[in-house]
Amino acid sequence: MIRAAIIVCWVMAIGLALFLIAPLLVIAAASFSPTPVFDLPLTGASTRWYGKIGRLDGFWPSLLLSLEIALLSTAISLVCGTLAAIAIARGKLPGAGIFATALVSPLMMPGLVLGIALLQGFRAIGFTAPWATLLVAHLVITLPYVARTMISGLARFDFTLIEAARTLGCTYPGSVLRVMVPALAPSFLIAGIFSFLASFDNYPVSIFLADVRTKTLPIRMLQYIEEAPDPTLAALSTLILAGTVILLFVSDRAVGLHRMAGTSD
Amino acid sequence: MSEGSPHLVVRGVSKRYGPTTVLDHIDLTIRRGELVTLLGPSGCGKTTLLRAIAGLAQPDTGKVELAGRDITNVPPHKRNVGVVFQSYALFPHLTVAGNVAFGLKVRGMARREIDIAVDRALSLVKLGHLASRRISALSGGQQQRVALARAIAVEPDVLLFDEALSALDRKLREEMQVELRRLLQDVKATAIFVTHDQDEALTMSDRVAVMNKGRIEQLAEPRELYLRPASLFALNFVGLSTRISGTVLAADNGKVDVETKVGRLSALGNFQAGSPVIVAARPEQLRLGEQGESNSAAGRVRSVVFQGSRTLVEVDAGAGESLLAELSGRDGAIPRVHDEIRLSWPVTETFAFPMEAQA
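Sequence order sets the numbering: in each chain, residues are counted from 1 along the sequence as written. Working convention: letters from A go to chains and numbers from 1 go to ligands, in the order in which they are written. In keeping with the model being predicted, local features are shown solely for residues with a pLDDT of at least 70 and side-chain atom pairs are shown and tallied solely at 80 or more, while totals for entire chains, interfaces and linings include all residues. Just so you know, side-chain values use all the structure's heavy atoms and leave hydrogens and water out.

Draft legend 1. How the structure looks around the overall build of chain A. Each helix and strand counted, chain A has 13 helices and zero strands in total. Overall, chain A shows an N-to-C arrangement of helices and strands of α-α-α-α-α-α-α-α-α-α-α-α-α. When accessible area is computed with a 1.4 Å probe and restricted to protein chains, residues below 20% of their type maximum are described as buried, those above 50% as exposed, and intermediate ones as partly exposed. Counting every position in chain A, which comprises 265 residues, the buried fraction comes to 39%. Residues counted as positive are Lys and Arg, residues counted as negative are Asp and Glu, and His and the chain ends are not counted. One atom stands in for each charge, and that atom is NZ of Lys, CZ of Arg, CG of Asp or CD of Glu. A gap of 7 Å separates the mean positions of the 16 positive and 12 negative side-chain charges of chain A. Starting at the N terminus, helices and strands are each numbered in turn, a helix being any DSSP run of H or I of at least four residues and a strand any DSSP run of E of at least two.

This is how it looks when you write it as C-alpha cells:
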C-alpha cells in the first residue's frame, strides 16, 4: 500500500518535472536548428543563430539597460530592504507588522495593475524620465523579495552577536560588517538572486514605462518574436536559461538550494 | 596596580527605563583579582549593572572606573572588558579558533602572536583539540568554554559573566562552577558574575552583592552573607530560615525582646519598643529540646524531609507560625510527623528585621 503510494508520488513528480522542463528543452533544441523554421526531427545542428543574437536590432542597448536596472535596483533594495528588515525584526518599531506587510505587498499585486498604477502615478507628479521611472518601478518589484528574505533571515539572527563583537573591540558599524553580514551571507545571496531575476525578466511593469529608446530586454524580445520569429530568439532564451542555471548552481554550492526554498536549515 | 587595590569602581550609577528605576544609585568597589557575584531575582537590575560596566547600557547618572580610568563615556570596544553571554553569542560563521582569535584580530595583533594566544586560551579551557571545529558541531558545555576562551584571550581588565552557566544542565553546571573559579584564580582575573542561583554565587565568589529593586542590599563574603544577612530580602534569597513576626517589647544595646504568637523571643537588632519586626534564624541553629539562655518554641511536626547528611523538619508552632529545623544524625532521634516537640536556638544567632521591609 505504502509502496504503491511511493510509486504514484514518483510518477507524479517526474511527470510534473517533465511538463515544466520539456518546453525549455524544446527551446534549447530549436536554438540549434539549421533551418529558420524549427522542425522535428532535427536534420543537423547549427550555431549560426547564436551568432545572429548580437546583430539583432537594438539588442545591446536593451541588454545593458536590463542589466543596469536589475543590478542597481538589487543593490539599492539590498541596502534599504536590509535596514527596513532590521527595524522590523528587532521588534521595537511600533506597527512593525503593518510596515512589514506593506513592504511585501507588491508581491501580491498583479504586475499589470502595478504597471498601470505606477505609470499614472508618475505622470500625475510629472515624473516621466523613462530610465529613472523604470529604476523606481523595479525597486518596487525587488524590494519585497529582499525585505521578505531578510526579515526571515534576521528573525533567526541573535543580536547579542553584535554586542559580543563590540565588547571584543569592534565599533558598531564594524560589528555589523564583521559579524552580521557574514552570518547573514546566505540570506543576502538569496535575496540578491531573487531580486535580480525578478527585475531582469520583468515584462508587465516595464512595458508601461518603456519608450522607443528605453526598452528592457524582455520587451525587446517580444518585439522580435512579432517581427521575425526565427531561432535567434530561441538561442537568446537558451543563453539566459544557461546563465540562470549557472547562477543557481553556484549559489547552491555556496549556501544550499534548500535555504533558497525558504525551508531554512 | 597591586592586588587588592580598587580595580573596578561604580559610583552612584542610576538607570531608568521609562517609569521604572532599574538601577538606584549603585556604589560598588571591586578589588583586583576579586570574583564578585551580583545575585538577585530577575528584574533586580543585576544584568543592567553588568551591561553598564560593559558599556552596552549607558547609565543616566554616576561613574564607572576601570583600572584607574574613567570609562563612563567610553564605548564598549575601547573598554577592554571580556563578556561571556548567557547565549554564548559565538559567531556561527567562524570556527572555534576563529571565534577566539576575533578580538585579537580586531586589535590588529600579528598573526603569529594571535596563533599563540589562541592556543593558550583554548588549552586553558581544555579545547585545544577542537580548534578547527565549527561552532554548530559543539555541545553546550563546549560552547560555554569557547565563549570563555574568547573573552579571556583579549586579556581584559575585567571579565563579566551574564548568567553564563544557567544554560548548562545541573551536573555540568556544578562542575563548571568549581573549574571556572580555579581557572579564574589561576589567571588572576577580576570577574563579575550575574546569577539568580544562590549556590553558584556562594561557590564561585569572594564576595556576593545581593540585589533587589535596583539596589545592592548587602555586599559580603558568602559566609558572612549567610550567617549575618543584612536584610530580610538577603535572608530569604540565600538559604532557608525560620521567620516569626512579632512586636518589640524592650530594646537594650543591640538586643531586643520580641513578643510573638509563639512566645517571647530575643534577637539581635536595634529597634524601638513597639516596632513590628520579623525574627529569623537559620534552620541548622535549631536544636531539639530546651537549652538554657536561648529562644525556644514548641509545636507539632508537620513534615520530615530526609536529605542525606541532614533532615529538614518543619514544625507547626500554631497561630500560623512555623519553625524550620535542620537536624543532623548526631542530634539524636529524628522526630516523626505529628510528634509534639520543642526546639531551641541561640539568641546570638537570632536576627530581627523591620516588618515593612518584607519583599
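Draft legend 2. Highlighting the environment of Leu112 of chain A. With respect to the element layout, Leu112 of chain A can be found in helix α5 (residues 111-124). Contacts of Leu112 of chain A, omitting those with residues within four sequence positions, involve Pro204 and Phe208 of chain A. By definition, residues are in contact when any of their heavy atoms lie within 4.5 Å.

Draft legend 3. Representation of the environment of Gln307 of chain B within the structure. Structurally, Gln307 of chain B is set in the loop between β16 (294-306) and β17 (310-316). For the pair formed by Gln307 of chain B and Ser328 of chain B, sequence separation is 21 residues and the distance between their alpha carbons is 9.7 Å.

Draft legend 4. Up close: the nonpolar core. With 88 residues, the main nonpolar core has Phe157 of chain A together with Leu49, Leu160, Phe161, Leu184 and Ile192 of chain B as its most contacted residues. Considering every element that reaches this core, the biggest residue donor is helix α4 (residues 140-153) of chain B, with seven residues. Aside from chain neighbours lying at most four places away, what touches Phe157 of chain A is Ile162, Val179, Met180, Ala183 and Leu184 of chain A. Side-chain atoms within 4.5 Å link the members of a nonpolar core, which is a set of buried Ala, Val, Leu, Ile, Met, Phe, Trp, Tyr and Cys residues. Val262, Ala281, Ala325 and Trp345 of chain B belong to the second-largest nonpolar core, a separate cluster that totals 24 residues.

Draft legend 5. Molecular detail of the pairing of strand β14 (residues 276-281) of chain B. Residue and element names in this part refer to chain B. By the criterion of burial, β14 is predominantly enclosed, with five of the six residues buried. For two strands to be treated as a pair, DSSP must find no fewer than two bridges joining them. Sheet topology note: the strand β11 (residues 242-252)/β14 ladder contains six bridges and is antiparallel. Bridge assignment links Thr247 to a residue of β14, and that residue is Pro276. Summarising the sheet, β14 and strand β20 (residues 351-354) pair through four bridges and their orientation is antiparallel. Residue pairing in the sheet places Ala280 in a bridge with Phe351 of β20.

Draft legend 6. View of the pattern of salt bridges. Residue and element names in this part refer to chain B. In the sections that follow, a salt bridge refers to a side-chain nitrogen of Lys or Arg positioned within 4 Å of a carboxyl oxygen of Asp or Glu. Under the defined criterion, the tally for this structure stands at 19 salt bridges over all chains. Ionic pairing is found between Arg300 and Glu340, a salt bridge with its closest N-O pair at 3.3 Å. Residue Arg300 is located in strand β16, and its partner Glu340 is located in strand β19 (residues 340-346); the two are separated by 40 residues in the primary sequence. Judged by relative accessible area, which is 43%, Arg300 ranks as partly exposed. Judged by its relative accessible area of 56%, Glu340 is exposed. Counted as one network, the salt bridges with shared partners bring together Arg31, Glu34 and Arg207.

Draft legend 7. Fine view of a nonpolar patch on the surface. Residues and elements named next belong to chain A. Think of a patch as exposed residues, more than 30% relative accessible area, with no salt bridge, where like charges cluster within 9 Å and nonpolar side chains (Val, Leu, Ile, Met, Phe, Trp, Tyr) cluster within 5 Å. Per-residue and other accessible areas were derived by the Shrake-Rupley procedure at a 1.4 Å probe size, with only the shown protein chains allowed to occlude residues. A cluster of nonpolar side chains, contributed by Met1, Ile2, Ile6, Trp10, Ile14 and Leu18, occupies part of the molecular surface with about 780 Å² of accessible area. Relative to the elements of secondary structure, Trp10 occurs in helix α1 (residues 2-31). With a relative accessible area of 57%, Trp10 lands in the exposed category.

Draft legend 8. Representation of the interface of chain A and chain B. Across the contact, 16 residues belong to chain A and 20 residues belong to chain B. Roughly 1700 Å² is buried in total at the junction of chain A and chain B, and carbon and sulfur atoms are behind 68% of that figure. When the area that chain A buries against chain B is broken down by residue, the three leading residues are Glu163, Thr167 and Leu168 of chain A, summing to 38%. For the salt bridge of Arg51 of chain B with Glu163 of chain A, the shortest nitrogen-to-oxygen distance reads 2.6 Å. Here a polar contact means two N or O atoms within 3.5 Å. Within protein one must be a hydrogen donor candidate and the other an acceptor candidate, and residues neighboring in sequence count only if both atoms are side-chain atoms. Across the chain A-chain B interface, the total number found is five residue pairs in polar contact (both at pLDDT 80 or more). If you list the elements that add at least two residues to the side of chain A that touches chain B, you get α7 (160-167) and α8 (172-183) of chain A. Tallying contributions element by element places α7 of chain A first for the side of chain A that touches chain B, with seven residues. Once two parts are brought into contact, the accessible area they lose, counted with a 1.4 Å probe and summed over both, makes up the buried area.

Draft legend 9. Up close: the sheet that holds strand β7 (residues 158-162) of chain B. Residue and element names in this part refer to chain B. Pairing within the open sheet is mixed, and its six strands lie in the order β6-β7-β8-β3-β9-β10. Whereas interior strands pair on both sides, the edge strands pair on one side only; in this sheet they are β6 (81-84) and β10 (215-220). On average, adjacent strands in this sheet sit at an angle of 20° to one another, irrespective of strand direction. Note that β6 and β7 share four bridges and pair parallel. Residue pairing in the sheet places Val84 in a bridge with Phe161 of β7. Axes here refer to lines fitted to C-alpha atoms; in helices the fit is confined to the stretch in contact. Angles between the N-to-C directions go from 0 to 180 degrees.

Draft legend 10. Local environment of the side chain of Ser206 of chain A. Mapped onto the elements, Ser206 of chain A comes out in helix α10 (residues 206-209). Of the residues examined, Ser206 of chain A reaches a relative accessible area of 0% and is grouped as buried.

Draft legend 11. Looking closely at the confidence of the model for chain A. The pLDDT value expresses, per residue, how confident the predictor is, ranging between 0 and 100. Per-chain confidence: chain A averages 87 in pLDDT, with 95% of residues scoring 70 or above. Confidence, read as mean pLDDT per element, is least for helix α13 (residues 257-260) of chain A in chain A (53) and greatest for α7 of chain A (95).

Draft legend 12. Region of the structure containing the layout of surface pockets. Residue and element names in this part refer to chain A. Taken as a whole, the largest pocket holds about 620 Å³ of empty space. Lining the largest pocket are 21 residues, with Phe200, Ser237, Ile240, Leu241 and Thr244 positioned closest to its centre. Put simply, the parts of the chain that give the lining of the largest pocket at least two residues each are α1, α3 (59-89), α9 (185-200), α11 (217-227) and α12 (232-255). With eight residues, α12 is the largest single contributor of residues to the lining of the largest pocket. Any residue that is not Ala, Val, Leu, Ile, Met, Phe, Trp, Tyr, Cys, Pro, Asp, Glu, Lys or Arg is counted as polar, Gly included; the first ten are nonpolar and the last four charged. Split by residue class, the lining of the largest pocket holds 17 nonpolar, three polar and one charged. For cavity detection a 1 Å grid was placed over the protein atoms alone, and a set of points counts as a cavity when a 1.4 Å probe fits there but cannot get out; an open set counts as a pocket when protein lies on both sides within 12 Å along at least five of seven lines, with lining residues being those that have an atom within 4 Å of a point. Grid points are joined across faces, edges and corners, and a volume is the space filled by probe spheres set on the points.

Draft legend 13. How the structure looks around the packing of aromatic side chains. Put simply, two rings from Phe, Tyr or Trp (the six-membered ring, in Trp's case) pair if the centres are within 6.5 Å, and we call them stacked under 30 degrees between planes, edge-to-face over 60, tilted for the rest. Inspection of every chain in the model, using the stated rule, returns nine aromatic pairs over all chains. Measuring from centroid to centroid gives 5.0 Å for Phe122 of chain A and Phe127 of chain A, while their planes differ by 85°, and the two rings are edge-to-face. Phe122 of chain A gets classed as buried once you look at its relative accessible area, which sits at 9%. Note on Phe127 of chain A: relative accessible area 25%, which makes it partly exposed. Directly above the aromatic system of Phe102 of chain B lies the positively charged group of Arg178 of chain A, at a separation of 5.9 Å from the ring centroid. Remark: a charge is flagged as sitting over a ring if the NZ atom of Lys or the CZ atom of Arg is within 6 Å of the ring centre and within 35 degrees of the ring normal. Lying over the aromatic face of Tyr226 of chain B, Arg282 of chain B brings its terminal NZ or CZ to 4.2 Å of the ring centre.

Draft legend 14. Examining the packing of α7 of chain A against α8 of chain A more closely. Residue and element names in this part refer to chain A. One can describe the packing of α7 onto α8 by two numbers: an axis separation of 9 Å at closest approach and a directional angle of 120°. Comparing the axis directions of α7 and α8 gives the class oblique. Taken as a pair, α7 and α8 cross one another with a handedness that is right-handed. Counting all contacts with α7, which are made through Leu161, Ile162, Ala165 and Arg166, the residues of α8 involved are Tyr172, Ser175, Val176, Val179 and Met180. Classifying every residue of the contact of α7 with α8 gives seven nonpolar, one polar and one charged. In these notes the angle categories are as follows: under 35 degrees is roughly parallel, over 145 is roughly antiparallel, 65 to 115 is roughly perpendicular, and the rest is oblique. In this scheme, a crossing is called left-handed if the near helix is turned counterclockwise away from the far one by less than a right angle; it is called right-handed if the turn is clockwise.

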